[in-house]
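# Examining the three-dimensional arrangement
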Amino acid sequence: MKDKLNSNRSRTFLAITIPIVILFFVFNTMAVIQGFGYSLTNFKGFGGYDFVGLRNYIDLFSDERIINSYIFTFGFAIICTILVNIISLVLALGLSSKIRAQGALRAIYFLPNILGGLVIGYVFNFFFTYILPGIGEAINSGALSNSLLASPKTAWFALVITVAWQAVALNTLIYISGLQTVPEDVYEAGAIDGAVGFKKFKNITFPLIMPFFTINMVLCMKNFLMVFDQVVSLTGGGPARSTESISFLIYSGGLSGGAFGYQSANAVIFFVVIVTISIFQLRFLNSKEEQL
Amino acid sequence: MASISIRNLNKTYPDGVEVIDGLNLEIKDKEFIVLVGPSGCGKSTTLRMIAGLEDITGGELAIGDRVVNDVQPKDRDIAMVFQNYALYPHMTVYKNMAFGLELKKVPKDEIDQKIKEAAKVLDLEKYLNRKPKALSGGQRQRVALGRAMVRNPAVFLLDEPLSNLDAKLRTQMRTEISKLHRKLQTTFVYVTHDQTEAMTMGDRIVVLKDGKIQQVDTPENLYNKPANIFVAGFIGSPQMNFINSKVTQEGSKYFIKIDGCTLEIPAGKNKNDILSKYAGKEVVVGIRPEDFHLDQAFIEMAPKSLIDVKIDLTEMMGAEVYCYGKIDDEAIIFRAPSRFRPKEQEEIVVAIDVNKIHLFDKETTESIII
């Protein structure tokens, strides 16, 4: 009886697992292995190719365009991560306090998360190209009259605003759920001890939501390092390649730039970098988390 | 050290629900006062208003000579022990106790000394470097007490601090808290729904119901001289039996009838001839479970106060037996020595100690004679 039950269970288990494993292997693992294979060739994306060994990897480190895109992407990801976490923490604290229409406000602040990155990029493109300069002209502001997207000095900032606007939604939600895990009586004990205002946040709230901070930091850093949709729809990597993120470079250089093999090597390196950073972040932040 | 004055205290929530209605209470310096009552009676709300965790809708609250209605909790010179301990989960026991003092900028040496003293009293010295999750319920509650102690407050507020502990630990902690009160010589305000805790710990007990004080008195007086049916029923376990009856008068003597048995009310209980107002009227008779007697000597001595009881059920408690039965179709319970264990469905004769009976006004529920 027990054996039959076990065999039924294992059959169900296999029936559910095997298709997913096959799909994952074909569309993910195979692609990664194939990509790694191409990274050792001079494949242009079409036609024939030769095996070039580690040449692509060696060349990557002296390619100024790639180095610039790494510098841009890391700078962008760090600024965005800091900005998004500060804003969403403040918003979460506000939305968790005793305010009117709390549920409705939470829903409104979550809206950007359900929109696609491309859609948001095009909406903000319109905003930065027409609406903001229009306002700038109306108030005679020279700085605002030109589109932020037009200058290499300001385009990255427009990208930060667009990406952060969307990312704040999910981060806020995660922080709100974190804040709900802090027992009310701990705050009350704090109020009697004198932990009010910023002291309350620093000594009670923040240490107790540290696990949620870790998750948000890792998710943010990973997502922002891989920024792609908003670059495509907002700047196309420009002006003057000033907003060319690594993902965008891999895509544009690999598919339309005739350097599929070379950008595959870039993708492999990028994969290793992201995994390393995520593991480092998790280890470091976990050690800071209070074991409750 | 401080007294607490509560004058016409009122608490109404924004939705219009009034939980405390015109509460007046004077708590003396160094007194151990217990607020007791059923769930929702407003006892915790009152305590939280004293702590400053709940806004006061109306009335005045003074700790010592200072009205503290609008004073922040941290500036009220109070310390509170919560039902769920409310320890800071991310801090060690030491840090939990030190936190409040650090925020007050107390010198480190002084903090250290205070914590070590408190840890010694509460037997927590071994656990100072542990986090709350590594402690048992009793240890956590001691940390919560320690955190309150080191503040050296004028008033200790305790909100059902023992309700999460098992029965044995609860009894142990009960005596520890009483000892602590004696040692610290500070005003304690203790909230509980457990009348045993209230009776064993309080210098005085405040019985609350629906946001109103029913009686404030010593444990002994609450038990022996309850002000109304609610207090009589709430204090004492098993609770007092209530039987509907009628007062009859023959000359200067007054009687009550229970299940065909006419009991004479001792003249000494009829102070100021109060019963004259109740002659011919219905009243509620209150008899404590221990005021029924089964022993032959008592039965022979009180031939006029015997009553037949049919036993439904008995509960053996060890030293005594709780007997459940019926008089006049009203369920009653009485205590009997364990050697007298009656059989179920047996009809037995019991004697009522008329000197101990209580009479309550049926309409106002107030006590008539005690």
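Heads up: these notes are all about the structure in this document. Values in this document were obtained by computation on a predicted structure and should not be read as measured data.

## Here we look at the overall build of chain B
When you go through chain B residue by residue, the secondary structure sums to nine helices and 21 strands. Each of the 370 residues in chain B was classed as buried or not, and the buried ones make up 52%. Total accessible area on chain B stands at roughly 16,900 Å², and carbon and sulfur atoms take up 46% of it. The positive charge centre, built from 51 side chains, and the negative charge centre, built from 53, are 7 Å apart in chain B.

## Regarding the interface of chain B and chain A
Counting from both sides, the interface comprises 24 residues of chain B and, opposite them, 19 residues of chain A. Each partner contributes to the roughly 1,900 Å² buried at the junction of chain B and chain A, and carbon and sulfur atoms together form 63% of this total. A per-residue breakdown of the area chain B buries against chain A is headed by Y88(B), H90(B) and L103(B), which together make up 29% of the total. The interface formed by chain B and chain A holds two salt bridges in total. Ionic pairing is found between R48(B) and E188(A), a salt bridge with its closest N-O pair at 2.6 Å. Between chain B and chain A we count eight residue pairs in polar contact (both at pLDDT 80 or more) in total. Within the residue set of the side of chain B that touches chain A, elements represented by two or more residues are α1 (43-51), β6 (78-81) and α2 (93-103) of chain B.

## A few points about helix α5 (residues 167-184) of chain B
Residue pairs spaced three or four apart in an α-helix point in one direction, given the helix's 3.6 residues per turn. All names here are of chain B. Its 18 residues place the ends of α5 25 Å apart at the C-alpha level, agreeing with the 26 Å of an ideal helix rising 1.5 Å per residue. Considering only its buried residues, α5 is in contact with β3 (32-36), α3 (108-121), α4 (137-150), β7 (155-159), β8 (187-192) and α6 (195-201). Looking one or two places after α5, you find Q185, whose phi comes out positive at around 55 degrees.

## Re the sheet that holds strand β1 (residues 4-12) of chain B
Residue and element names in this part refer to chain B. With antiparallel pairing, four strands are arranged side by side in an open sheet as β2-β1-β4-β5. Where the open sheet ends on each side, the last strands, each with one partner, are β2 (18-27) and β5 (66-67). With two bridges connecting them, strand β4 (residues 58-63) and β5 associate as antiparallel partners. Residue pairing for β5: A62 is matched across the bridge by V67. Its contacts with the sheet put α1 on β1, β2 and β4, and the angle it makes with β1 is roughly 115 degrees.

## Remarks on the packing of α3(B) against α4(B)
Residues and elements named next belong to chain B. Running from amino to carboxyl end, α3 crosses α4 at an angle of 140 degrees, the nearest separation of the two axes being 9 Å. The angle between α3 and α4 places the two elements in the oblique class. Between α3 and α4 lies a crossing whose hand is right-handed. Contacts between α3 and α4 pair K114, I115, A118 and V121 from the former with G146, M149 and V150 from the latter. Within the contact of α3 with α4, the residues separate by chemical class into five nonpolar, one polar and one charged.

## Let's talk about the pattern of salt bridges
All told, the structure shown has 19 salt bridges over all chains when counted by the stated rule. K356(B) is the salt-bridge partner of D353(B), the closest N and O atoms lying 3.9 Å from each other. Ionic contacts of the salt-bridge type, sharing partners, join the residues E188(A), K11(B), R48(B) and E54(B) into one network.

## What to know about the packing of helix α3 (residues 64-96) of chain A against helix α10 (residues 210-225) of chain A
Residues and elements named next belong to chain A. At their nearest, the axes of α3 and α10 sit 9 Å apart, and the two run at 145 degrees to each other. Two packed elements cross with a definite hand, and for α3 against α10 that hand is right-handed. Taken together, the residues of α10 that come into contact with α3 (itself represented by T73, F74, F76, A77, I78, C80, T81, V84 and N85) are N216, M217, C220, M221, F224 and L225. Considering only residue class, the contact of α3 with α10 consists of eleven nonpolar, four polar and no charged.

## Topic: the side chain of R151(B)
One can find R151(B) in the loop between α4 and β7. For R151(B), a relative accessible area of 7% corresponds to the buried category. In this structure the side chain of R151(B) is engaged in a polar contact, spanning 3.2 Å, whose partner is the backbone oxygen of I78(B). Not counting the four nearest positions on each side in its chain, R151(B) is found in contact with I192(A), D193(A), K74(B), I78(B), A79(B), G100(B), L101(B) and K104(B).

## A word on the nonpolar core
Residue and element names in this part refer to chain B. Judged by nonpolar contacts, the single largest core of 57 residues is most densely connected at V155, L157 and V189. In contact with L157, not counting residues within four places along its chain, are L47, I50, A51, I78, A79, M80, V81 and V189. Grouped together as the second largest cluster of nonpolar side chains are 44 residues, L162, L165, M173 and V207 included.

## Focus on a negative patch on the surface
All names here are of chain B. On the surface, D259, D308, D328, D329 and E347 cluster together into a patch of negative charge. Structurally, D308 is set in strand β16 (residues 306-316). Overall, the relative accessible area of 42% leaves D308 in the partly exposed class.

Rules of the game
Residues numbered from 1 in each chain as written. Chains lettered and ligands numbered in written order. Predicted model: local features only at pLDDT ≥ 70, side-chain atom pairs only at ≥ 80, totals over all residues. Heavy atoms only, no water. Helix = DSSP H or I, 4+ residues; strand = E, 2+ residues; numbered from the N terminus. Buried < 20%, exposed > 50% of the residue type's maximum accessible area, 1.4 Å probe, protein only. Areas by Shrake-Rupley, 256 points an atom, 1.4 Å probe, with all protein chains shown as cover. Lys, Arg positive; Asp, Glu negative; His and termini not counted. Charge placed at Lys NZ, Arg CZ, Asp CG, Glu CD. Contact = heavy atoms within 4.5 Å. Buried area = accessible area lost by both parts, 1.4 Å probe. Salt bridge = Lys/Arg side-chain N within 4 Å of Asp/Glu carboxyl O. Polar contact = N/O pair within 3.5 Å; in protein donor to acceptor, adjacent residues only side chain to side chain. Expected span 1.5 Å × (residues − 1). Pairing = 2+ DSSP bridges. Axes fitted to C-alpha atoms, helices over the stretch in contact; angles between N-to-C directions. Parallel < 35°, antiparallel > 145°, perpendicular 65-115°, else oblique. Left-handed = near helix turned anticlockwise from the far one by under 90°. Nonpolar A, V, L, I, M, F, W, Y, C, P; charged D, E, K, R; others polar. Core = buried A, V, L, I, M, F, W, Y, C linked by side-chain atoms within 4.5 Å. Patch = residues over 30% accessible without salt bridge, like charges linked within 9 Å, V, L, I, M, F, W, Y side chains within 5 Å.

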